[in-house]
Amino acid sequence: DVKVTQSSRYLVKRTGEKVFLECVQDMDHENMFWYRQDPGLGLRLIYFSYDVKMKEKGDIPEGYSVSREKKERFSLILESASTNQTSMYLCASSSGGRKAFFGQGTRLTVV
Amino acid sequence: GQQVMQIPQYQHVQEGEDFTTYCNSSTTLSNIQWYKQRPGGHPVFLIQLVKSGEVKKQKRLTFQFGEAKKNSSLHITATQTTDVGTYFCAGLGNTPLVFGKGTRLSVIA
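We now turn to the structure provided with this report. Predicted, not measured: the structure shown is a model, and the values here were computed from it.

## Quick look at the sheet that holds strand β6 (residues 55-58) of chain B
Residues and elements named next belong to chain B.
- Sheet architecture is open: five strands sit in the order β1-β3-β8-β7-β6, paired in antiparallel fashion. Each of the sheet's edge strands pairs with one partner strand only, and the pair in question is β1 (4-7) and β6. Pairwise comparison of adjacent strand axes, ignoring direction, gives a mean angle of 15 degrees for this sheet.
- Strand direction decides the pairing type here: β6 and strand β7 (residues 61-65), joined by four bridges, are antiparallel. Of the residues in β7, the one forming a bridge with Lys56 is Phe63.

## Regarding the pairing of strand β8 (residues 71-76) of chain B
Residues and elements named next belong to chain B.
- Strand direction decides the pairing type here: strand β3 (residues 19-25) and β8, joined by six bridges, are antiparallel. In the strand pairing of β8, Thr21 is matched with Leu74.
- Both β7 and β8 contribute to a ladder of five bridges, which runs antiparallel. Directly across from Leu61, in β8, lies its bridge partner Ile76.
- In this structure, the hairpin formed by β7 and β8 is closed by a connection of five residues, where Lys69 is found at a positive phi of approximately 60 degrees.

## Observations concerning the nonpolar core
- Membership of the largest hydrophobic core comes to 21 residues, with the highest contact counts inside it found for Trp34, Ile46, Leu76 and Tyr89 of chain A.
- Every element with two or more residues in this core is listed here: β3 (19-25), β4 (31-38), β5 (42-49), β7 (64-70), β8 (73-78), β9 (87-94) and β11 (106-110) of chain A.
- Every residue in contact with Leu76 of chain A, bar those within four places of it in the chain, is listed here: Val19, Phe20, Leu21, Trp34, Ile46, Tyr64, Ser65, Val66 and Tyr89 of chain A.
- Val4, Ile32, Phe65 and Tyr87 of chain B belong to the second-largest nonpolar core, a separate cluster that totals 20 residues.

## Here we look at the environment of Met5 of chain B
All names here are of chain B.
- The topology assignment puts Met5 in strand β1.
- When the C-alpha atoms of Met5 and Leu74 are compared, they prove to be 14 Å apart, with 69 residues separating the residues in sequence.
- The residues contacting Met5, other than those within four sequence positions of it, are Tyr22, Cys23 and Asn24.

## Details of unusual backbone geometry
- A cis geometry characterises the amide bond from Ile7 of chain B onward to Pro8 of chain B, with omega recorded as -5 degrees.
- Within the secondary structure, Pro8 of chain B is located in the loop between β1 and β2 (10-14).
- Backbone geometry at Lys53 of chain A places phi at a positive 65 degrees, although glycine is not the residue there.
- Along the chain, Lys53 of chain A turns up in the loop between β5 and β6 (56-57).
- Backbone geometry at Lys69 of chain B places phi at a positive 60 degrees, although glycine is not the residue there.
- Inspection of the secondary structure puts Lys69 of chain B in the loop between β7 and β8.

About the thresholds
Residues numbered from 1 in each chain as written. Chains lettered and ligands numbered in written order. Predicted model: local features only at pLDDT ≥ 70, side-chain atom pairs only at ≥ 80, totals over all residues. Heavy atoms only, no water. Pairing = 2+ DSSP bridges. Helix = DSSP H or I, 4+ residues; strand = E, 2+ residues; numbered from the N terminus. Axes fitted to C-alpha atoms, helices over the stretch in contact; angles between N-to-C directions. Core = buried A, V, L, I, M, F, W, Y, C linked by side-chain atoms within 4.5 Å. Buried < 20%, exposed > 50% of the residue type's maximum accessible area, 1.4 Å probe, protein only. Contact = heavy atoms within 4.5 Å.

Spelled out as structure tokens, the structure:
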């Protein structure tokens, strides 16, 4: 069974903390994505990567960075967490223009 | 940048009624994909449409891709309670998958 695994299902962090969200896929996909999902706003793309060590900004990259040192792993970093980053974070991977597989999501609360 | 608009945002139907959600892109797409997210779950791929004017069916679900490859629709015939969830379209053009905001379907038994 193909899998995209996110390191945490639920996370509570304090304002100003540096937060790491990890995502691992076992399908040898070259494309990986980070989205955040908020009620009424749908899925918004934060960052994506088409290859190892490669990254591109999505629609809402401010306050985030990413790292892709290995093909199977794509990390999202909140440099200094703020309350407006409280959200559901979804990682996805795909190959070419084919379907995306999503992780189960990380619900992050910043207090 | 590329934008994908999806309407309606919410839809409440009686069980047995039909349901349709519409998707429009600001640019021509190479393909369009549809996903379903059950409450508390993550988006799961339903189908991909590639050809202009393409129509595909999955049991009670009918998917269409417009002739200009800028719009798409998902129609569910005779909804059931198992259809509850949020349906997203996602367009692939010159940028990575751009998702619509989704249509949240509620089915009243």
